[in-house]
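# Coordinates in review
Letter by letter, the chains look like this.
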Amino acid sequence: MSSAAEGDAEPAGPAGVVAAARRLAEAEGWSAVTHRRLAERTGTEIELLYRRFPGPASLLSAVALRGFADLAAALATARAGAGGGAWPAVVTTYLDFAYANPQVYDAMLAHTSDLTLGRDPAPGAPRAAFAQLRAALVPLADGRDLDTLAEVGWSLLHGVVMLTRGGRLRPDRQEQREEMIALGLLAGPVPRRGDGRRRRNPDDPAGGAQ
């Protein structure tokens, strides 16, 4: 079958192959992304594809890195346009990206565990995405560790994306959940007791007080 028969011709360079893999995954799922299909779509010799991307994992990683780069750019644009209150705009942009690109999002955060946002050393694109989350939370830090706050914010966003996609949450409360993440849950420090120690977690055998 020729690339014209697939109806989706792409340039034969690595970026074109990654773009084709991304579109094919979003249309048919990752099981459809094979070297044969990509060769047909891009007009690339299959032997050359295997030299550039030896197996499915390398294709996943390439799509994931491109996804992180696109997400970082989108978050930067949202933050730049939001002035001082960047976190709500970043929340909206992150969720929009995740819901609009579910297969790419899975490649970024489900299928490629070696690509991390917060841990050093991390590839440039994931690190840039994490940096945008971190920067948006600076006004809300209130003396708290900013990296930890960004990890909590990322965890909240990722959790609501995956649970919503899996149909585990009430559909009629989606807007309220997203509003809480954007405007409420990260807005202040953990309440402390009168003596300055953090309130005890009853499930913590050590008492949780510091």
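These numbers were taken from a predicted model, which means no experiment stands behind them. Here the residue numbers are simple positions, counted from 1 along each chain's written sequence. This being a predicted model, a pLDDT of at least 70 is required before a residue's local features are given, and a value of 80 or more before pairs of side-chain atoms are given or counted; all residues contribute to the totals for chains, interfaces and linings. Excluded from the side-chain calculations are hydrogens and water; all other atoms, namely the structure's heavy atoms, are used.

### Brief notes about the overall build of the chain
When you go through the chain residue by residue, the secondary structure sums to 10 helices and zero strands. Under the scheme applied here, a residue whose accessible area is under 20% of the maximum for its type counts as buried, over 50% as exposed, and between as partly exposed, the area being computed with a 1.4 Å probe on protein chains only. Classification of the 210 residues of the chain by burial places 38% in the buried group. Pairs of residues are marked as contacts when any of their non-hydrogen atoms sit within 4.5 Å. Restricting to contacts in the chain with at least 6 residues of sequence separation, those with at least 24 account for 60%. The protein chains shown are the only cover counted for residues, whose accessible areas, like all others here, come from Shrake-Rupley with a 1.4 Å probe. Entry remark: accessible area of the chain is about 11200 Å², with carbon and sulfur atoms responsible for 54%. We count a stretch as a helix when DSSP gives it H or I for four or more residues in a row; a strand needs E for two or more, and each element gets its number in order from the N terminus.

### Remarks on helix α2 (residues 14-28)
Multiplying 1.5 Å by the helix residue count minus one yields the expected span of that helix. Helix length check: α2 (15 residues) gives 21 Å between terminal C-alpha atoms against 21 Å at 1.5 Å per residue, within 8%. When we look at burial in α2, the residues that qualify are G16, V17, V18, A20, A21, R22, L24 and A25. Lining the buried residues of α2 we find α3 (35-42), α4 (46-52), α5 (56-80), α6 (86-100) and α7 (102-109). Following α2 by one or two positions, G29 adopts a phi angle in the positive range, close to 90 degrees.

### Some details on the packing of aromatic side chains
Pairing of aromatic rings covers Phe, Tyr and Trp, the last counted by its six-membered ring, and requires centre-to-centre distances within 6.5 Å; plane angles under 30 degrees mean stacked, over 60 mean edge-to-face, and any other angle means tilted. Scanning the model with the defined rule gives one aromatic pair in all. Ring plane angle 85 degrees and centroid distance 6.0 Å describe the contact between Y94 and Y105, whose orientation is recorded as edge-to-face. One end of the pair, Y94, is in helix α6; the other, Y105, is in helix α7, with 11 residues separating them in the sequence.

### What to know about the confidence of the model for the chain
This prediction gives the chain a mean pLDDT of 85; 80% of its residues lie at or above 70. One confidence number per residue, pLDDT, is output by the predictor and ranges from 0 to 100. Per-element averaging of pLDDT across the chain places helix α1 (residues 3-6) at the bottom with 44 and α6 at the top with 97. Contacts from residues 198-210, a stretch scored under 50 in pLDDT, to residues over four places away or in other chains number 16 contacts.

### Structural notes on the pattern of salt bridges
Opposite charge on two side chains permits pairing when their charged atoms draw close. Each reported salt bridge corresponds to a side-chain nitrogen of Lys or Arg within 4 Å of a carboxyl oxygen of Asp or Glu. Within this structure, the stated rule accounts for seven salt bridges. Of the charged contacts in the structure, one is a salt bridge between D70 and R66, with a shortest N-O distance of 2.8 Å. Of this pair, D70 and R66 both sit in helix α5, four residues apart, which is roughly one turn of that helix. On the basis of relative accessibility, which here comes to 42%, the residue R66 falls in the partly exposed class. Across the pair D172 and R173 runs a salt bridge whose closest N-O atoms are separated by 3.0 Å. Shared partners join several salt bridges into a network, and the residues in it are R22, R66 and D70.

### With respect to the nonpolar core
Grouped together as the largest cluster of nonpolar side chains are 52 residues, with contacts concentrated most on V33, L38, W87, Y94, L133 and L157. Counting only elements with at least two residues in this core, the list comes to α2, α3, α5, α6, α7, α8 (124-136), α9 (146-165) and α10 (174-183). The greatest single-element share of this core, amounting to nine residues, is contributed by α5. The set of buried Ala, Val, Leu, Ile, Met, Phe, Trp, Tyr and Cys residues whose side-chain atoms join them within 4.5 Å is what this entry labels a nonpolar core.

### Quick notes on α5
Taking 1.5 Å as the rise per residue, α5 with 25 residues should run 36 Å; its terminal C-alpha atoms sit 36 Å apart, in good agreement. Inspection of α5 places L59, L60, A62, V63, A64, G67, F68, L71, A72, L75 and A78 among the buried residues, and these make up the whole buried set.

### Observations regarding unusual backbone geometry
Notably, D142 is not glycine yet its phi reads approximately 50 degrees, a positive angle. Relative to the assigned elements, D142 resides in the loop between α8 and α9. The class of D142 is exposed, set by a relative accessible area of 55%.

### A word on the packing of α9 against α10
Two numbers describe how α9 lies on α10: the axes approach to 11 Å, and their chain directions differ by 170 degrees. It follows from the interaxial angle that α9 and α10 lie roughly antiparallel. Residue-level contacts link L156, L157, V160 and T164 of α9 to Q174, R177 and I181 of α10. Think of each axis as a best-fit line through the C-alpha atoms, taken over the contacting stretch in the case of a helix, with angles from 0 to 180 degrees between the N-to-C directions. Every angle not falling under 35 degrees, over 145, or within 65 to 115 is termed oblique; those three ranges are roughly parallel, roughly antiparallel and roughly perpendicular.

### Some remarks on the environment of G55
Checked against the element boundaries, G55 lands in the loop between α4 and α5. The exposure class assigned to G55 is buried, which follows from its relative accessible area of 16%.

### A short note on the side chain of N101
Along the chain, N101 turns up in the loop between α6 and α7. Exposure remark for N101: the relative accessible area of 17% places this residue in the buried category.

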